[in-house]
Amino acid sequence: MHISKKEIEVRYAETDQMGVVYHANYLVWMEVGRTGLIQDMGLNYAGMEAEGVLSPVTDVQVSYKKPLTYGDVATVHTWVEIYDGLRVQYGYEIYNQHGELAIEATSSHVCVKKENFRPISIRRKFPEWHEAYESIKKK
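So, how was this worked out
- Residues numbered from 1 in each chain as written.
- Predicted model: local features only at pLDDT ≥ 70, side-chain atom pairs only at ≥ 80, totals over all residues.
- Heavy atoms only, no water.
- Phe/Tyr/Trp six-rings, centres within 6.5 Å; stacked < 30°, edge-to-face > 60°.
- Helix = DSSP H or I, 4+ residues; strand = E, 2+ residues; numbered from the N terminus.
- Buried < 20%, exposed > 50% of the residue type's maximum accessible area, 1.4 Å probe, protein only.
- Lys NZ or Arg CZ within 6 Å of the ring centre and 35° of its normal.

Enquirer: Looking at this model, I keep getting lost on the packing of aromatic side chains. Mind explaining?
Expert: For any pair of aromatic rings, the description rests on two quantities: the centre-to-centre distance and the angle between the ring planes. Scanning all chains against the criterion turns up 8 aromatic pairs. For the pair Tyr-26 and Trp-29, a centre-to-centre distance of 5.3 Å together with 75° between the ring planes defines the contact as edge-to-face. In this pair, Tyr-26 and Trp-29 are both assigned in helix 1 (residues 25-40), 3 residues apart and thus about one turn of the helix distant. You'll find Tyr-26 and Trp-29 in the same group, each marked buried. Counting every residue linked through ring pairs, the aromatic cluster contains Tyr-45, Tyr-83, Tyr-90, Phe-126, Trp-129 and Tyr-133. A cation sits over an aromatic face here: Arg-34 above Tyr-90, 6.0 Å from the ring centre.

Listed below in structure tokens is the structure:
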């Protein structure tokens, strides 16, 4: 299993009135992690989208463990939790600079045709993505 790691410096604008990272910003950081993982595989979403295929989120689960605050450095760990040729579930853990777990999360995605949002088979339409997912997914 391959785990991609991306560091993010917490900016003031990402915090709320309580001085902690606003909960929705973790979703943005998960996207940063997911994009980094795709790049690690030698692929990119732009190429997929150029072929008229999108990869919308179908589900997100987040468990908040410890707040991050302005000035912290977050490290997003991202991997392929489940892949079945049609759907992909990514796993995430975000840590603070002391190695303490801030969140555990998953996001589920399916690839669809842009014009009608009908699901497509990654295995058939993008064999290079399929092979990459198979080679790095959690066993």
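Next comes the rest of the write-up.
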